[in-house]
Structure formats: structure tokens, C-alpha cells
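Tertiary structure, described
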Amino acid sequence: SLALLERGIEHAPEILWVSTSRRQLARPGMQSLNLEPMPREDAQALFVERAQRVDLDFSLAPETTSQLQTLLAALDHLPLAIEWAAARVHLLAPKELLERIHRRVDLLQGTQGTTLNALFDSVVDALPEEARQVLENLVVFDGSFSLEAAEAILPKDLPHLDALQTLLENSLLRRTEASLLPGEVRLVLLETVQAMLRAKGPGPSQDLQADHTSDYA
């Protein structure tokens, strides 16, 4: 826990402490290192290793490798999502998993009944109200977007920068350098986050869609 880590730092400052967390801890003396999603080869190896735990005969044929890579990309190369998807191979082949990936809420579930949907809810429920509103609006974007594009469609009365920073710190939003303009920061919602948001509501309003469309017209 965070309290245990803080006590350790206090009583043994000469030790270099390393901790992983979905949310940045932001404590004095701590440094944060943002981890990118798993590389494609590592994600594929993890899937195969976890799949063989439930099906010893599981192996990748040449014709299924590309399907698995597409599936892993849709799962954002996230280890937990990969492990839960791999646990389904005793019932579903990679091609069938890919066909059902839009139903992540039902497809991805832990061995003790924990669902990705429940984990997502716990994260979102802990956000400040302003950050939740911003997150729900960002679902209008497919792919990466600039800060300027985000601000163009967000309600003017929301603290945009603070809310976006909170989403970044909670790993719901990711920073990417992919841009045609050198030095421009772009943001992206993970596909899994988008799917969870779209499964919970009617989607972006017509006004929001119109603002997004006009911004790119």
C-alpha cells in the first residue's frame, strides 16, 4: 500500500524503492516513469503463455498470427486484458475472440468474477466530477487528438487542463508524439477505455458530434 511504501522510504531512505501503480503517486521525493503498453512481441508471448495454461495444445498457426495481433492491438497491449482474453481460448479461437472484441464487458472477466467493467467503474467513480465529464466527452475522438481539438469540443465551464492532467495521471488518457507537426503533443484514449465508455451510455450528443465535425471541416 501507499502508506507502507511511505514508511519504508522514511525509515530506509538509502534504499531505492520501486513501485508500480495505475495512478501516479505524486509524493515528495518520488519520481514517475510512465510505462507504454507492451511491445507487440511481448504481448503475443504473454497471450500464448496464458492461453497454454488453459489449453496445453494451444499454438499459433501462420493464419491466426495476424488475427491475434489485431486482437492484441484492440486490447491496447494491456497485460490484464490480454490475460483475461487468453483465458477464453478453451472456448474461443483468436478469430472468434476478435469477432467479439466489441463486447469487452462480457468477454473480459477474471477467474474470481472480477470484470474489466467493474475495474473501470471503480477508477472512473474515484475521479473528480469535472474529469468524469471531460472523459465522457473525449469519446467522440477516434485516434489521437490535439489539446486544441479537445478544448474545441469541451464545455467552456470545465477546467480543461486540470481535468486532462487528472486523466493522464490515472492512465485513462495517454500522451503520444505521433503528429504531423513537430513538437505538438497529442493525446489518445485507449480503445478499451473508449469501448467501456460507449457501452455505458448513448454516446456523444449531436451537438458534440457537430462541434467535432466542424473542427475538422
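One structure accompanies this document, and this report is about it. The shown structure was predicted, so the numbers you read here are calculated from the model rather than taken from an experiment. Position numbers for residues count from 1 along each chain, tracking the sequence in the order it is written. Local features in a predicted model are, by the rule used here, given only for residues with pLDDT of at least 70; side-chain atom pairs are given and counted only at 80 or more, and totals for whole chains, interfaces and linings are based on all residues. With hydrogens and water stripped out, all remaining heavy atoms of the structure feed into the side-chain values.

1. Remarks on the overall build of the protein
For the protein, the count of helices and strands is 12 helices and 3 strands. Going through the 217 residues of the protein one by one, you find that 35% of them count as buried. When contacts within the protein are restricted to residue pairs at least 6 apart in sequence, those whose partners lie at least 24 apart make up 64%. Reported accessibility uses the Shrake-Rupley method at a 1.4 Å probe radius. Residues are deemed covered only where the shown protein chains occlude them. With the model as given, the accessible surface of the protein reaches about 13,300 Å², and the carbon-plus-sulfur share is 52%. Numbered from the N terminus, helices here are DSSP runs of H or I no shorter than four residues, and strands are runs of E no shorter than two. Under the scheme applied here, a residue whose accessible area is under 20% of the maximum for its type counts as buried, over 50% as exposed, and between as partly exposed, the area being computed with a 1.4 Å probe on protein chains only. Any two residues whose heavy atoms approach within 4.5 Å at even a single point are treated as in contact.

2. A word on a nonpolar patch on the surface
Without a salt bridge and with relative accessible area above 30%, a residue can belong to a patch; like charges are then joined within 9 Å and nonpolar side chains (Val, Leu, Ile, Met, Phe, Trp, Tyr) within 5 Å. Here, a salt bridge means any side-chain nitrogen of Lys or Arg that lies within 4 Å of a carboxyl oxygen of Asp or Glu. Residues Ile 9, Ile 15 and Trp 17 make up a contiguous nonpolar surface patch of roughly 260 Å² in combined accessible area. Within the secondary structure, Ile 9 is located in helix H1 (residues 2–11).

3. A closer look at the pattern of salt bridges
Taken as a whole and assessed by the stated rule, the structure comprises 6 salt bridges. Here Glu 83 makes a salt bridge to Arg 50, at a shortest N to O gap of 3.1 Å. Residue Glu 83 is found in helix H4 (residues 79–86), and its partner Arg 50 is found in helix H2 (residues 40–54); the two are separated by 33 residues along the sequence. Residue Arg 132 pairs with Glu 129 through a salt bridge whose shortest N-O separation is 2.5 Å. In this pair, Arg 132 and Glu 129 are both assigned in helix H8 (residues 129–138), 3 residues apart and thus about one turn of the helix distant.

4. Thoughts on the packing of aromatic side chains
For Phe, Tyr and Trp, where Trp contributes only its six-membered ring, two rings pair if their centres lie within 6.5 Å, and the inter-plane angle classes them as stacked under 30 degrees, edge-to-face over 60, or tilted in between. In this structure the tally under the stated criterion is 2 aromatic pairs. Between the aromatic rings of Phe 141 and Phe 145, the centroid separation amounts to 4.3 Å while the plane-to-plane angle is 20 degrees, which identifies the pairing as stacked.

5. Notes on the environment of Val 139
Assignment of secondary structure puts Val 139 in the loop between H8 and strand E1 (145–146). We classify Val 139 as buried; its relative accessible area is 3%. Along the primary structure Val 139 and Val 193 are separated by 54 residues, whereas in three dimensions their C-alpha atoms are 8.7 Å apart.

6. Here's the deal with the nonpolar core
We call a set of buried Ala, Val, Leu, Ile, Met, Phe, Trp, Tyr and Cys residues a nonpolar core when their side-chain atoms join them within 4.5 Å. Formed by 30 residues in total, the largest nonpolar core has its most connected members in Leu 135, Leu 138 and Leu 167. Mapped by element, the contributors of at least two residues to this core are helix H7 (116–125), H8, helix H9 (147–153), helix H10 (160–169), strand E3 (186–189) and helix H11 (191–200). When near neighbours in sequence (up to four residues on either side) are disregarded, Leu 135 contacts Val 124, Leu 127, Leu 167, Leu 172, Leu 189, Val 193 and Leu 197. Among the nonpolar cores identified, the runner-up in size contains 19 residues, and Phe 47, Leu 75, Leu 97 and Ile 101 belong to it.

7. Some points on the sheet that holds strand E2 (residues 173–176)
Two strands pair under a simple rule: DSSP has to find at least two bridges between them. An order of E1-E3-E2 is seen for the 3 strands of this open sheet, with the pairing classed as antiparallel. In this open sheet, the two edge strands, each paired with only one partner strand, are E1 and E2. Bridging between E1 and E3 involves 2 bridges; their strand directions are antiparallel. In the strand pairing of E3, Ser 146 is matched with Arg 186.

8. Some details on the packing of H2 against helix H3 (residues 62–74)
Each axis is a line fitted through C-alpha atoms, taken for helices only over the stretch in contact, and angles between the N-to-C directions span 0 to 180 degrees. Close contact between H2 and H3 brings their axes to 10 Å; oriented N to C, the two are set at 105 degrees. By the angle between their directions, the pair H2 and H3 is classed as roughly perpendicular. Side by side, H2 and H3 meet where Arg 40, Ala 43, Gln 44 and Phe 47 of the first sit next to Thr 65, Leu 68, Gln 69, Leu 71 and Leu 72 of the second. Note on terminology: angles under 35 degrees are roughly parallel, angles over 145 are roughly antiparallel, angles of 65 to 115 are roughly perpendicular, and the others are oblique.

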